[in-house]
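Next come the chains, spelled out residue by residue.
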Amino acid sequence: MSHYFSYLPNVKVRVSSFRRNNVEPFVAAKNIFRRVKIRDKVQDSILGFEQYSVGNNERPDQVANELYGDPELDWVVLLCNNIINIYNEWPMSEQELYAYVASRYADVKGVHHYETMEIKGDNGEILLEAGKVVNSTFKYVTSDNITVVPSRIPISNYDHERALNDEKSNIWVLRDQYVEDFVDEFETLLEYLPNEELGDGENIKMTPNAVEEIFVAKKVAYATEVGLAASIGFAGQQELGNRTITTQVLDSGATVLTSSSSGQTQQSNLVNSSGVVAGTTDASSTSQSSGSSSSSSSSSSSSSSSSSSGSSSSGSSGGGGYGGY
């Protein structure tokens, strides 16, 4: 099959985004989109073709070698049968077929479908043809209201796939006396017709847009910030990220929140999600105590703090520009 590609014309394919060191960003490659197909009327004619049955585990190159004496003409065998994918359209060997059925069905011998049996009348006329697909409850009843049993047979998964594989084994091959003319016409049909995409005296295609891109020194680069991670963090997350918050209820019933970092008790500067620090004028309530440690307390509608000299409390609901916290 590799010899088939030697007949294909060339086309320039991009291998780089732009021209570098005065070198074109293209290389010559085979134009695999160029294809020749036998006319349907010619393929239906039996004048230049003959039927051939592919043997078990027989490859296209072996068929070509047997018929034409040249294994490199295997593409002629495939082209005459319009075979593009050899893995799906060429018949499988017995071993490959069994492995395929086992991988596709849970039970190789399981029932795939039912087919009719041939039933003849008293005079030998065929009343029911064989091979028609029917359901599992099918029964044939004659005009005399007689039920013919059996009138159907089960077809296993393996038998079904083997029948399909046998159909692929029956192929048409070109007669030996027409092969040389066939190859010459095939090569002529694959050649490019004269057009502006071909160079002078060259049989390689190159589009006008590709010619213009040769002289582009560098392609335009595009950049975007879509998907970049945000670098802004809330004050509340920054202040409370490495702190430990403990809750204490005093004898007076007030609740005291104490924040500590690195094992030490620090001043309770709690920060809400808006970035406001408790103790400023924007908070709903503030408290401060004197001494080596300080604490803040809050209840449902007020905050209180205590010190050695006395206590003070202030209550407000929804105070401050941020609506309290």
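Going by the structure above, here's the rest.
Owing to the predicted nature of the structure, the values given are computational and were not obtained by experimental measurement.

**Student:** Would you explain the sheet that holds strand β7 (residues 133–134) in this entry?
**Tutor:** Within a beta sheet, neighbouring strands are joined by backbone hydrogen bonds and run either parallel or antiparallel to one another. The strand order across the open sheet formed by 3 strands is β7-β4-β10, and the pairing between neighbours is antiparallel. Across the chains shown, the open sheet's two edge strands, defined by having one partner strand only, are β7 and β10 (152–156). Where strand β4 (residues 111–116) meets β7, 2 bridges bridge the pair, whose relative direction is antiparallel. By the bridge assignment, Glu115 is partnered in β7 with Val133. Contacts from helix α6 (residues 157–169) reach β4 and β10, with the element oriented near 80° to β10.

**Student:** Would you explain helix α7 (residues 179–190) in this entry?
**Tutor:** Spacing of three or four residues puts side chains on the same side of an α-helix, whose turn is 3.6 residues. Taking 1.5 Å per residue, 12 residues should reach 16 Å; α7 reaches 17 Å between its end C-alpha atoms and fits that length. Listed in full, the buried residues belonging to α7 are Val179, Phe182, Val183, Phe186 and Leu190. For α7, the buried positions fall inside an angular range of 95° around the axis, keeping them on one side. Those residues of α7 that are exposed and aimed more than 90 degrees away from the buried face are Glu180, Asp181 and Thr188. Against α2 (60–68), α3 (74–80) and β11 (170–174) lie the buried residues of α7.

**Student:** Looking at this model, I keep getting lost on a nonpolar patch on the surface. Mind explaining?
**Tutor:** Taken together, the side chains of Phe5, Ile32 and Phe33 make up a nonpolar region of the molecular surface, amounting to roughly 380 Å² of accessible area. Within the secondary structure, Phe5 is located in the segment before β1 (10–14).

**Student:** Whenever I open this one, α2 confuses me. Can you help?
**Tutor:** Listing the buried residues of α2 in full gives Pro60, Val63, Ala64 and Tyr68. The arc that holds the buried residues of α2, viewed along the axis, is 100°, so those residues lie on one side. Elements that come into contact with the buried residues of α2 comprise β3 (49–53), α3, α4 (86–89), β11 and α7. With its phi angle positive at about 75°, Gly69 sits one or two positions after the end of α2.

**Student:** Got a minute to help me understand the pattern of salt bridges in this structure?
**Tutor:** Tallying each qualifying case throughout the model produces 5 salt bridges. The shortest N-O distance in the salt bridge between Arg59 and Asp61 comes to 3.1 Å. Classification of Asp61 as partly exposed rests on a relative accessible area of 22%.

**Student:** It is not clear to me how the environment of Thr258 should be interpreted in this structure. Could you clarify?
**Tutor:** Within the secondary structure, Thr258 is located in strand β14 (residues 255–261). According to the relative accessible area criterion, Thr258 is buried, its value standing at 15%. On a C-alpha basis, the gap between Thr258 and Ile245 in space is 5.7 Å, while along the polypeptide they are 13 residues apart.

**Student:** What exactly am I supposed to notice about the side chain of Ser151 here?
**Tutor:** Relative to the elements of secondary structure, Ser151 occurs in the loop between β9 (147–148) and β10. Looking at Ser151, the relative accessible area reads 3%, which means it is buried. For Ser151, the side chain forms a polar contact with the main-chain nitrogen of Tyr140, separated by 3.2 Å. Those residues within four positions of Ser151 in sequence are excluded, and the remaining contacts are Glu115, Thr116, Met117, Ile119, Leu128, Phe138, Lys139 and Tyr140.

Reading guide: rules and limits
Residues numbered from 1 in each chain as written. Predicted model: local features only at pLDDT ≥ 70, side-chain atom pairs only at ≥ 80, totals over all residues. Heavy atoms only, no water. Pairing = 2+ DSSP bridges. Helix = DSSP H or I, 4+ residues; strand = E, 2+ residues; numbered from the N terminus. Contact = heavy atoms within 4.5 Å. Axes fitted to C-alpha atoms, helices over the stretch in contact; angles between N-to-C directions. Expected span 1.5 Å × (residues − 1). Buried < 20%, exposed > 50% of the residue type's maximum accessible area, 1.4 Å probe, protein only. Arc of directions from axis to C-beta. Patch = residues over 30% accessible without salt bridge, like charges linked within 9 Å, V, L, I, M, F, W, Y side chains within 5 Å. Areas by Shrake-Rupley, 256 points an atom, 1.4 Å probe, with all protein chains shown as cover. Salt bridge = Lys/Arg side-chain N within 4 Å of Asp/Glu carboxyl O. Polar contact = N/O pair within 3.5 Å; in protein donor to acceptor, adjacent residues only side chain to side chain.

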